[in-house]
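One letter stands for each residue in the lines below.
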Amino acid sequence: MIDATSGRKILLLSLAAGFGLWAVAFVALYAMLSIGCAFGWDRGSLVLGLSLQRLQLLLLLGIFLALHVALVVGLSARQQRSDTATDRFLHSAARLAAIAALAASMFTYCGTVLLTTCNP
Amino acid sequence: MLAGATVIFLATSLALAGAFIPSIRPLLTPKRLILWGGLVVPSLGLTALVAGAFTLGERLLPRQGAETLRIEVVARQFAWEFRYPGTPVATRDVLHIPVGRDIDFAVTSEDVIHSFWIPRLGGKIDAIPGHKNIVRLRADAPGTYGGICAEYCGEGHAPMRFIVIAHAPEDYEAALTSEAAR
Ligand SMILES: [Cu+2]
């Protein structure tokens, strides 16, 4: 059983969940970009004219966007089950922050789709 | 830049005027301020900046082309050596470049990490032993530019400077020839 106080602690943490996910995606994409360049994954094409580098980055981005959507959906579902006014406020703030983080991820990582990945 | 600064200045002035002129105040509802000042305007500004940075970044990539020139830069405690591929010329602490042409500088070091920087021509890049970093720069006007080492590299770091001479295309060949004769 989670009592009210510890439940609220988790709720407080969920305020940072959306942008926490954004930050994890940033580190993951940056790391995999650098690893791919070091191993020359950007050379040649694997499927449909896309290089291994592009494919793995797109896959990673896809996973993180799906996690973002799952977070928004999950928080929306929990919002409906909150009873006190404080809980309702925290839930709605966390949900809106998660939506903003999804938009932020789409905006900041759109370069993954288009830009040259490694120094030629 | 001036146009953007003017727009931001006027918008801020309007918000400030609301504090003094009561008739403006009804226009500045919290909802409007948050929507326009917090969402629409920053989003438009950031989108323009990101689009600009992306296109500029693509153009700055050192792609091999017939148009671009390559110059090799070797840093060591505490001097700069410049080599001009296709010629036997090597210069020390003086860099000759032609005007109006993209130049890819392949920068490396023989000892510790240095950093190659010509502030008036753009960004700097680290000179790392055993590794070649490339930075693309371009001088649009002939003249002399100062260059420095931008990474602390030892006792002689501060005076580790070089001079960049940007020549008109025909003078550039002549400058290299006279350097070769030395
Ligand atoms: Cu140095």
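Cut-offs used in this document
Residues numbered from 1 in each chain as written. Chains lettered and ligands numbered in written order. Predicted model: local features only at pLDDT ≥ 70, side-chain atom pairs only at ≥ 80, totals over all residues. Heavy atoms only, no water. Pairing = 2+ DSSP bridges. Helix = DSSP H or I, 4+ residues; strand = E, 2+ residues; numbered from the N terminus. Axes fitted to C-alpha atoms, helices over the stretch in contact; angles between N-to-C directions. UniProt positions renumbered as here; feature names shortened; annotations may be inferred. Core = buried A, V, L, I, M, F, W, Y, C linked by side-chain atoms within 4.5 Å. Buried < 20%, exposed > 50% of the residue type's maximum accessible area, 1.4 Å probe, protein only. Contact = heavy atoms within 4.5 Å. Patch = residues over 30% accessible without salt bridge, like charges linked within 9 Å, V, L, I, M, F, W, Y side chains within 5 Å. Areas by Shrake-Rupley, 256 points an atom, 1.4 Å probe, with all protein chains shown as cover. Salt bridge = Lys/Arg side-chain N within 4 Å of Asp/Glu carboxyl O.

Enquirer: How should the sheet that holds strand β3 (residues 90-92) of chain B be read in this particular structure?
Expert: All names here are of chain B. Spatially, β3-β2-β1-β5-β8 is the arrangement adopted by the five strands of the open sheet, whose pairing is mixed. Edge positions in the sheet fall to β3 and β8 (133-137), since each of these pairs with one other strand and no more. The average undirected angle you get between the axes of adjacent strands in this sheet is 25 degrees.

Enquirer: Could you clarify how one ought to interpret the UniProt feature "transmembrane region" (unreviewed entry) in chain A in this entry?
Expert: As recorded in UniProt, the feature "transmembrane region" (unreviewed entry) lies at residues 12-35, 55-75 and 96-115 of chain A. Within the segment residues 96-115 of chain A, helix and strand shares are 85% and 0% respectively, and the terminal C-alpha atoms sit 30 Å apart.

Enquirer: How should I be thinking about the nonpolar core in this particular structure?
Expert: What tends to happen in soluble globular proteins is that the nonpolar side chains get buried as a cluster. Of all hydrophobic cores here, the largest spans 31 residues; its most connected members are I71, W80, L95, I97, F105, F116 and I118 of chain B. A total of four residues in this core trace back to one element, the largest contributor, which is strand β1 (residues 69-76) of chain B. Dropping the residues within four chain positions of it, F105 of chain B is found in contact with I71, V73, L95, I97, F116, N133, I134, V135 and L137 of chain B. L29, L57, L60 and L61 of chain A belong to the second largest nonpolar core, which has eight residues in total.

Enquirer: Where do I start with a nonpolar patch on the surface in this structure?
Expert: A grouping of L46, V47, L48 and L52 of chain A is seen on the molecular surface, where their side chains present a nonpolar patch of about 430 Å² in accessible area. Relative to the helices and strands, L46 of chain A resides in the loop between α2 (17-38) and α3 (52-79).

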